[in-house]
Amino acid sequence: MDNQKIRLTSSEITSLWAQYIQDTMSVCISKYVLAKVKGSRGLLSFRIYFRTS
């Protein structure tokens with residue numbers, strides 16, 4: 001089997017970068033809300049756990 005490197009196009013790199021930024025921002029906002037909101041935290045904690053693992 002050939003050991004060829006497949007290069008990503010600029011639109012593929014942009015898409016991956018945008019998804020990374022969106023996921024990172026989502027985790028940061030969720031952590032902030034969790035720290036500030038009083039009351040039921042179960043679902044939000046569950047979401048943050050699976051986003052960061």
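Quick notes on the rules
Residues numbered from 1 in each chain as written. Predicted model: local features only at pLDDT ≥ 70, side-chain atom pairs only at ≥ 80, totals over all residues. Heavy atoms only, no water. Helix = DSSP H or I, 4+ residues; strand = E, 2+ residues; numbered from the N terminus. Buried < 20%, exposed > 50% of the residue type's maximum accessible area, 1.4 Å probe, protein only. Areas by Shrake-Rupley, 256 points an atom, 1.4 Å probe, with all protein chains shown as cover. Expected span 1.5 Å × (residues − 1). Patch = residues over 30% accessible without salt bridge, like charges linked within 9 Å, V, L, I, M, F, W, Y side chains within 5 Å. Salt bridge = Lys/Arg side-chain N within 4 Å of Asp/Glu carboxyl O.

## Thoughts on the overall build of the chain
(1) Moving on: Along its length, the chain carries two helices and zero strands.
(2) Moving on: Burial statistics for the chain: of 53 residues in total, 9% are counted as buried.
(3) Moving on: Split by element, the accessible area of the chain, about 5200 Å² in all, is 61% carbon and sulfur.

## Some words on helix 1 (residues 10-36)
(1) Moving on: Along its 27 residues, helix 1 runs 39 Å from first to last C-alpha, staying within 8% of the 39 Å computed at 1.5 Å per residue.
(2) Moving on: When helix 1 is considered as a whole, its buried residues turn out to be S26, V27, S30 and L34.

## Looking at a nonpolar patch on the surface
(1) Moving on: Together, M25, I29, Y32, V33 and V37 make up an exposed nonpolar region whose accessible area comes to about 470 Å².
(2) Moving on: Considering the arrangement of structural elements, one finds Y32 in helix 1.
(3) Moving on: Residue Y32 is classed as exposed on the basis of its relative accessible area, which comes to 52%.

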